[in-house]
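Notes for the structure review
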Amino acid sequence: IPGRITRDGYIRVVASRYRTQKANREAAIDRLIELVAIALRRQKPRKATKVPAGCCETSHSRQTRHRRKEAATHAAWLRL
């Protein structure tokens, strides 16, 4: 609705779908009712989420974890 309010405080709804003024006026009223219904809906509150653990991990710790994983895989192959 913010883009449809004039400086004077009027809500502007335009309809030109039909050939007659009466049909367009009814369409504009229907659209206004929809806009008001949408504006009156309560927005769901935003749920705060935790920051994923992987986003704050440094590249050094990622490399270390990868090296240990590779070493464990290599050791498993040597045991076969």
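Attention here is on the structure that accompanies the text. Treat the numbers as computed from the prediction; the structure is a model and nothing was measured.

Here we take up the environment of A15. Along the chain, the position of A15 falls in the segment before α1 (21-40). In this structure, the C-alpha to C-alpha distance between A15 and L35, residues 20 residues apart in sequence, is 13 Å. Not counting chain neighbours up to four residues away, the residues in contact with A15 comprise N24, A27, A28 and R31.

Before going further, it helps to spend a moment on the nonpolar core. Soluble globular proteins tend to bury their nonpolar side chains together. In terms of nonpolar packing, the biggest core is built from 5 residues, these being V13, A15, A27, A28 and L35. Those residues in contact with V13, other than ones at most four positions away along the chain, are A28, R31, L32 and L35.

Right, let's talk about a nonpolar patch on the surface for a bit. Together, I5, I11, L32, V36 and L40 line one region of the surface with nonpolar side chains, adding up to about 420 Å² of accessible area. Looking at L32, the relative accessible area reads 32%, which means it is partly exposed.

Each value, and the rule that gives it
- For every chain, the first residue of the written sequence is number 1, and numbering continues from 1 onward in sequence order.
- Since the coordinates come from a predicted model, pLDDT governs what is reported: local features require at least 70, and pairs of side-chain atoms require 80 or more to be given and counted, while whole-chain, interface and lining totals use all residues.
- The side-chain numbers reported here are obtained from all heavy atoms of the structure, hydrogens and water having been left aside.
- Strands here are runs of E lasting at least two residues and helices are runs of H or I lasting at least four, both read from the DSSP assignment and numbered beginning at the N terminus.
- Residues are treated as being in contact if the distance between any of their heavy atoms lies within 4.5 Å.
- Only buried residues count toward a nonpolar core, which is a set of Ala, Val, Leu, Ile, Met, Phe, Trp, Tyr and Cys residues joined through side-chain atoms within 4.5 Å.
- The buried label applies to any residue whose accessible area, calculated with a 1.4 Å probe on protein chains only, is under 20% of its type's maximum; exposed applies above 50%, and partly exposed to all values in between.
- Exposure above 30% relative accessible area and no salt bridge define the residues that can form patches, which grow by joining like charges within 9 Å and nonpolar side chains of Val, Leu, Ile, Met, Phe, Trp and Tyr within 5 Å.
- The accessible surface values rely on the Shrake-Rupley method and a 1.4 Å probe; as for residues, cover is taken only from the protein chains in view.
- The term salt bridge refers to a pairing of a side-chain nitrogen on Lys or Arg with a carboxyl oxygen on Asp or Glu at a separation within 4 Å.

Taken by themselves, the reported measurements are silent on function.
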